[in-house]
Amino acid sequence: MGNICNSFTTSSRKIITLIFFAIMLAIIGICYFTLLDEEAFSKKDWDKDVYKSLNSLIVDHAGKNDYAVFDFDKTTIVHDVSNALLVYQVENLKFADAPSHSFLDGIDDKDAILKGAEISSREMGDTLKAEYNRMKARLSNGESMDSIRVSDDYLDFRARFISFMDALGKTFPEEVWYAWMPGLLTGMTTEEAKELISEAIDDQLGEDKLAVEEWTSPDGRWGGPVEKGIFLPEEMKDLYAALNDNGIDTYICSASLELIVETLACDSVRGLALSPERVYGLRFVDSPRIVAKYDSEYKQPIKEGKVECIKTYIAPQYGDRGPVLVGGDSNGDVPMLTSFDDTRASLIIDVKRNPESSIGQLAAKAKSEDNEGRYLLQPAFAKPKGDIEFEGI
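Residues numbered from 1 in each chain as written. Predicted model: local features only at pLDDT ≥ 70, side-chain atom pairs only at ≥ 80, totals over all residues. Heavy atoms only, no water.

Asker: Which parts of the structure should I look at to understand the overall build of the protein?
Answerer: Tallying secondary structure elements over the protein gives 13 helices and eight strands in all. Sequence-distant contacts in the protein: of pairs separated by 6 or more residues, those separated by 24 or more amount to 71%. (Helix = DSSP H or I, 4+ residues; strand = E, 2+ residues; numbered from the N terminus. Contact = heavy atoms within 4.5 Å.)

Given below as structure tokens:
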């Protein structure tokens, strides 16, 4: 009888042990497949394949001391924050009063003939200054801004700005154009500039503000399409938050002035609540008042400079490893989208660039069969109102 009991007890223990291990394997399996299906952030309007790749990246790299780097204009946000500032300055005549620079700060060869405009930068700048000073005088005499906005001076002034911006890009190296646009803050203190930038963001921020307008001078000689408004999509806010929450640090590397980008990106209400140490943009020399002159001791993030900026200032914090994720939208982002072996995914926001351009070719590669998942093509999350086709800046 004792032997029978002992045999029964032994058999029971084996069965219980087998059941225990079966239950444990089931739990492990459930956990595994739960992790595979885990949603690190909301799908919303993400392309389903792009979302799947990004979600998998976040789950796989959570807590591994990795980092991600994004462009800002037209990647993190819709449209361009520097352009939004320019629009606000032009529409409200918000420049340093009586600008002695004649809107030419950042342009060395002021007498070079501008391609497409057939006048020099100096001639264009002098006209802009004269129109600006006349309009400011009218404001001082009590005339309303609404009244001034229908005047020939104003219509010519804003149209010339668009032609000037376009001609600078055709005539000079990109470094000149990148300095000229934020150089319109010349003459202001940093605090004055911050206040103006914040005003511009308040005025221009919102999906309903996105538009493309034609600005044309009364004589029809000057002008062209101009983007208005900026918008920070919830999808990008969610992505940044999911990366940060999972221990993947997020950085911005932008060819806009650092001060301008920080004002939105570091804002806890309107922006991403990033710390300023996570934002890299163009930097001018230190000066009591802003001057459009690059800081020569700093790696300016323009094209290949974005790669040098990442390697010099960000990668050393992560054992000199490259970013696990990079995001961009333009030719200027191609170097950082393609340069790092450590990058698992390069996110391209498709804003319909020229298919023959370097970013256009990279976008085509993202759709090809030999892509192997490195390049992800995500349609833009919002587009401007109206029927004007314009690639923009």
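Next comes the rest of the description.
Asker: Which parts of the structure should I look at to understand the side chain of Lys 228?
Answerer: Inspection of the secondary structure puts Lys 228 in strand E3 (residues 223-228). Among the polar contacts made by the side chain of Lys 228, one reaches the side chain of Glu 91 at a distance of 2.7 Å. A polar atom in the side chain of Lys 228 sits 3.4 Å from the side chain of Glu 213. Those residues within four positions of Lys 228 in sequence are excluded, and the remaining contacts are His 79, Val 87, Glu 91, Gln 204, Lys 209, Leu 210, Ala 211 and Glu 213. (Polar contact = N/O pair within 3.5 Å; in protein donor to acceptor, adjacent residues only side chain to side chain.)

Asker: Could you clarify how one ought to interpret helix H10 (residues 258-265) in this entry?
Answerer: Working note: α-helix, 3.6 residues per turn, so residues spaced by three or four point in the same direction. Burial of H10 is extensive: seven of the eight residues sit out of reach of the surface. Those residues of H10 that sit buried are Glu 258, Leu 259, Ile 260, Val 261, Thr 263, Leu 264 and Ala 265. At its buried positions, H10 is contacted by helix H3 (81-92), helix H8 (190-204), strand E4 (248-257) and strand E5 (279-282). (Buried < 20%, exposed > 50% of the residue type's maximum accessible area, 1.4 Å probe, protein only.)

Asker: Can you help me understand the pattern of salt bridges in this one?
Answerer: Where charged atoms from two side chains of opposite charge approach closely, those side chains can pair. Under the counting rule described, the total for this entry stands at 27 salt bridges. When the shortest N-O distance is used, the salt bridge between Asp 49 and Lys 48 registers 3.5 Å. The exposed category is assigned to Lys 48, whose relative accessible area is 62%. Measuring nitrogen to oxygen at the nearest pair gives 3.7 Å for the salt bridge that ties Glu 199 to Lys 94. Pair noted here: Glu 199 is in helix H8 and Lys 94 is in the loop between H3 and helix H4 (121-140), with a separation of 105 residues, a long-range link. Classification of Lys 94 by relative accessible area gives partly exposed; the value is 33%. Here the salt bridges share partners, and the residues they tie into one network are Asp 71, Lys 306 and Asp 333. (Salt bridge = Lys/Arg side-chain N within 4 Å of Asp/Glu carboxyl O.)

Asker: Could you clarify how one ought to interpret unusual backbone geometry in this entry?
Answerer: Note: most residues except glycine have negative phi, and most peptide bonds are trans. For Lys 74, which is not a glycine, the phi torsion comes out positive at approximately 65 degrees. Backbone geometry at Ala 273 places phi at a positive 60 degrees, although glycine is not the residue there. Here Ala 273 shows up in the loop between H10 and E5.

Asker: Would you mind showing me how to read the pairing of E3 here?
Answerer: The side chains of a regular strand alternate between the sheet's two faces. In this structure, strand E2 (residues 211-216) lies alongside E3, joined through six bridges in antiparallel fashion. Counterpart to Val 212 in the pairing with E3 is Glu 227. The turn joining E2 and E3, which pair antiparallel and follow one another in sequence, is formed by six residues; a positive phi near 80 degrees is taken by Gly 220. (Pairing = 2+ DSSP bridges.)

Asker: In this structure, what is going on with the packing of aromatic side chains? I would like to understand it.
Answerer: Both the distance between ring centres and the angle between the ring planes are used here to describe each pair of aromatic rings. Here the structure, examined in full by the defined rule, presents 22 aromatic pairs. With centroids separated by 4.8 Å and ring planes inclined at 35 degrees, the aromatic side chains of Phe 70 and Tyr 240 adopt a geometry described as tilted. You can see Phe 70 sitting in strand E1 (residues 66-70) and its partner Tyr 240 sitting in helix H9 (residues 234-245), a full 170 residues away along the chain. The exposure classification of Phe 70 matches that of Tyr 240, with both residues buried. The positively charged end of Arg 278 is found above the aromatic ring belonging to Tyr 251, 5.1 Å away from the centroid. (Phe/Tyr/Trp six-rings, centres within 6.5 Å; stacked < 30°, edge-to-face > 60°. Lys NZ or Arg CZ within 6 Å of the ring centre and 35° of its normal.)

Asker: Where do I start with the packing of H3 against H8 in this structure?
Answerer: Describing two packed helices takes the angle between their axes plus the distance from one axis to the other. Look at H3 against H8: their axes get within 9 Å of each other, and the N-to-C directions meet at 95 degrees. When the axis of H3 is compared with that of H8, the two are roughly perpendicular. The segment H3 lies against H8, with Ala 84, Leu 85, Val 87, Tyr 88, Gln 89 and Glu 91 engaging Leu 196, Ile 197, Glu 199, Ala 200, Asp 203 and Gln 204. A class-by-class count of the residues in the contact of H3 with H8 yields seven nonpolar, two polar and three charged. (Axes fitted to C-alpha atoms, helices over the stretch in contact; angles between N-to-C directions. Parallel < 35°, antiparallel > 145°, perpendicular 65-115°, else oblique. Nonpolar A, V, L, I, M, F, W, Y, C, P; charged D, E, K, R; others polar.)

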